[in-house]
Structures are given as C-alpha cells and as structure tokens.
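Remarks on the overall topology
Listed below are the residues making up each chain.
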Amino acid sequence: MPEIAEVETVRNTLKGRILNKKITDVKVHYKNMIESDINKFASSLIGDSFIDIKRRGKWLIFETNNKYLLSHLRMEGKFFIKDDKEAKGKHEHVTIYFEDNTTLRYEDTRKFGRMNLINKEELSTTESIAKQGFEPGEKGLTSAYLLEKFKNKKLPIKTVLLDQTIISGLGNIYVNEVMFYAKINPERPASSITKEECELIVKGSNEIIKEAIKMGGTTIKSYTSSLGVTGRFQQNLKVHKKEGELCSICDTPIKNIKIGGRSTYFCPKCQK
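What comes next is a walk through the structure. The model shown is predicted, which means the values in this text are computed figures rather than measured ones. Position labels on residues start from 1 in each chain and follow its written sequence. Restriction of local features to residues with pLDDT of at least 70 applies here, the model being predicted, together with a cutoff of 80 or more for giving and counting side-chain atom pairs; totals for whole chains, interfaces and linings are based on all residues. By convention in this description, side-chain values take in all heavy atoms of the structure and omit both hydrogens and water.

1. Let's talk about the overall build of the chain
Helix and strand counts for the chain come out as 7 helices and 10 strands. Note on method: radius of gyration uses C-alpha positions; expected globular size equals 2.2 Å times residues raised to 0.38. Scaling as 2.2 N^0.38, a compact globule of 272 residues should have a C-alpha radius of gyration of about 19 Å, and the chain matches this with 20 Å. Judged by the C-alpha coordinates and their principal axes, the chain covers about 60 × 35 × 30 Å. Here the chain, with 272 residues, has 53% of them falling under the buried criterion. By the convention used here, residues are in contact when the closest approach between their heavy atoms is within 4.5 Å. Pairs at least 24 residues apart make up 64% of the contacts formed inside the chain by residues separated by at least 6 positions. Using a 1.4 Å probe, the Shrake-Rupley method yields the accessible areas, and only the shown protein chains count as cover for residues. Summed over its atoms, the accessible surface of the chain is roughly 12500 Å², and 47% of this surface lies on carbon and sulfur atoms. Neither His nor the chain termini are counted; the positive set is Lys and Arg, and the negative set is Asp and Glu. We put the charge of a Lys on NZ, of an Arg on CZ, of an Asp on CG and of a Glu on CD. Computed over 47 positive and 35 negative side-chain charges, the inter-centroid distance for the chain is 3 Å. Counting from the N terminus, the helices are DSSP H or I runs at least four residues long and the strands are E runs at least two residues long. Buried residues are those whose accessible area, probed at 1.4 Å on protein chains only, stays under 20% of the maximum for their type, while exposed residues exceed 50% and partly exposed ones sit between those limits.

2. Digging into helix α2 (residues 38–45)
Restricting attention to buried positions, one finds in α2 the residues Phe41, Ala42 and Leu45. The buried residues of α2 occupy an angular sector of 80° when projected down its axis, which confines them to one face. In α2, the exposed positions angled more than 90 degrees off the buried face are occupied by Asn39 and Lys40. Buried-residue contacts for α2 involve β1 (23–28), β4 (67–72) and β8 (114–119). The distance from a side-chain oxygen at the start of α2 to the backbone nitrogen of Asn39 is 2.9 Å, and the residue carrying that oxygen is Asp37. Phi for Gly47, located one or two positions after α2, is positive at around 90°. Picture the helix axis, draw a direction to every C-beta atom, and the arc is the one those directions span. Side-chain atoms alone can form a polar contact between residues adjacent in sequence; in general such a contact is a pair of N or O atoms within 3.5 Å, and within protein one must be able to donate a hydrogen while the other accepts it.

3. A look at the sheet that holds β8
In spatial order, the strands read β2-β3-β4-β8; together these 4 strands make up an open sheet with antiparallel pairing. Strands at the two margins of the open sheet, each flanked by one partner only, are β2 (52–56) and β8. The mean angle between the axes of side-by-side strands here comes to 25°, regardless of whether they run parallel or antiparallel. Pairs of strands are assigned from DSSP output, requiring at least two bridges between the strands. Of the pairings in the sheet, the one linking β2 to strand β3 (residues 59–63) comprises 5 bridges and is antiparallel in character. Opposite Arg55, over in β3, you have Leu60 as the bridge partner. To define axes, lines are fitted to C-alpha atoms, for helices over the stretch in contact only, and angles between the resulting N-to-C directions are given on a 0 to 180 degree scale. Where helix α1 (residues 4–18) meets the sheet, it contacts β2 and β3, and its direction lies at approximately 175° from that of β2. Against the sheet, α2 contacts β4 and β8, and its axis sits at roughly 70° relative to β8.

4. Some points on the layout of surface pockets
Here the second largest pocket is characterised by a volume of approximately 260 Å³. With a 1 Å grid laid over protein atoms only, a set of points is called a cavity when a 1.4 Å probe fits there but cannot get out and a pocket when it is open yet has protein on both sides within 12 Å along at least five of seven lines; lining residues have an atom within 4 Å of a point. Lining the second largest pocket are 15 residues, with Lys58, Trp59, His72, Arg74 and Gln164 positioned closest to its centre. Grid points are joined across faces, edges and corners, and a volume is the space filled by probe spheres set on the points.

5. A short note on helix α6 (residues 172–182)
With 10 of its 11 residues buried, α6 lies for the most part within the structure. Within the sequence span of α6, burial applies to Asn172, Ile173, Tyr174, Val175, Asn176, Glu177, Val178, Met179, Phe180 and Ala182. In this structure, the buried residues of α6 make contact with α1, α5 (157–161), α7 (195–214) and β10 (262–266). In the stretch just after α6, Lys183 is the one whose phi turns positive, near 60°.

6. Describing the sheet that holds strand β7 (residues 102–107)
Across the sheet, 4 strands lie side by side as β1-β6-β7-β5; this open sheet has antiparallel pairing. In this open sheet, the two edge strands, each paired with only one partner strand, are β1 and β5 (78–83). Strand after strand, the sheet turns through a mean of 20° between neighbouring axes, direction not considered. Sheet analysis places β5 next to β7, joined by 6 bridges and oriented antiparallel. The partner of Lys78 across the bridge, within β7, is Glu107.

7. A short note on the environment of Ser143
By the element assignment, Ser143 lies in helix α4 (residues 143–150). When the C-alpha positions of Ser143 and Val94 are compared, they lie 41 Å apart, and in sequence the two are 49 residues distant. The residues contacting Ser143, other than those within four sequence positions of it, are Lys195, Cys198, Glu199 and Val202.

8. Section: the environment of Arg74
On the secondary structure map, Arg74 appears in the loop between β4 and β5. A residue is classified by how much of its surface remains accessible, and Arg74, at 31% relative accessible area, is partly exposed. Separated by 99 residues in sequence, Arg74 and Ile173 place their C-alpha atoms 14 Å apart. One polar contact links the side chain of Arg74 to the main-chain carbonyl oxygen of Phe112, over a distance of 3.3 Å.

9. Observations concerning unusual backbone geometry
Its identity as a non-glycine residue notwithstanding, Arg74 has a phi of 50°, on the positive side. Unlike most non-glycine residues, Lys111 shows phi in positive territory, near 60°.

Given below as structure tokens:
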C-alpha cells in the first residue's frame, strides 16, 4: 500500500509532468470510484488545468483554478502518463486527456481507490482531509500530543498508530519500522506507552519518513513504480518483510504476527 513517502514521491513526479496542461477530456470507466457528482466530475475539469499538486497524509490533492481533485490510492492504486493513442488497460478506471496528446491514467487492480472533486473552500471541512492527524515532521506531532491521544486506548499500539486521525500518512510498513526504532512491542496497549516512548515514536517517525521520502519510498510487491520512479528505502528496512532474518542489533530472528489483521514484524528481544 502506498504510504506517505510513496504518495509524496508520486506527487513530486506528477508535478514535473502534468502541471499547466489544458484538460481536453475526462473519461470515467468505473463510476463507483468517484465520490462526487459523477455528472459534474468530467465537465468541471474539462477546459481547466492542474496548477499544483498538494498532499495531506495519503491523499493527493490536485489543484485546478476552481476545484480540488482529491485522490486516495488505497491498496494498489497507480498513476501512469501515456500517449492518448495507447489502448486502455484492463485496470485503468479514470483517464484525463491533455492538449499535448498525453493522458493521466489511474490504474487500480482492486478498485479500492477513491476520487472526489470539491470546491476549494470545502477543503478544510471535507471529512477525509479534516480528520487527518499531524504528519511526521509537523510541529504539532509531539510526545505530549501522542500521550493525550493514547491515554484511554486499550488497543495494541500497532493498531492505534495506523489510525490516520492520530498520525497522518503512516501505514503498515512505516509503523513496523517506527515500533522497532522505539523498541516498543507492537502488542502493548497504547495506554501503557510512556512519555519517553512517545518521544521515540515522534523522533523515529520524523527520521524514517524523511529518509524514505529522500529515497523515493519503498518499492515492494504492493507498491511498485508507475511513473518511472523506483523507491530504494526497502534497502533500509529493519524488520518489515524480514521474518526469520536476524535482527540487525541482537541477532534474534524477526517474527511476524497478525495484529488487527495486519502483518506485524518485530524483534521479540529488542521489543519485549
């Protein structure tokens, strides 16, 4: 699944390739992917241009002169830029045509991705954006903030850290890595996490995500290059997808368990 670093990489790549090109047509091949009025979706974009691309958590925010197009890649969503004469792929669900005979195509094998076209003044009140927590690197992400969020939560800390209303943008890969960085057992109740451990979560989140973005994200089976960009952060992973391999610190084999249905990799010695 694309997480904050991968979505940021997509954002930066697209900014260099589709901005300020007039949109000449829009075709929606799978209508259930569009959360806004499907009849106005295409007509509101045609004749306009994308003037910027922002991001909030895992949401891409395509800015036109009058609207914001929100896009969430979910599990396996990808964007491609192709010549307009190239045949539609089996899993391409939205195609945006530009005046230079190129297209921006959204592909999603599992059809979980979502798009929503909103007026600009609605951005701060649109639930999917408004409910996002602080991102790694933002000043609001502090140990005091996390301690307050954790204090009444009995769920495993792994599950709580996947909650986008607490830390925006972290997914399964980076939560596994942050838990290892902070030396916290992922099964512990969130309410048991101390202020000192919250400080480590903040520091780990900031450092890991900064480096992951620098390296173009993590390229694994569920997220592969779609715009000619291949991430390299998988070379830096300490526990994720490392089941049976020896911990880089203590040589204990990395374990993989399920928490809330998600594969959770950790060192049973370092993360007691």
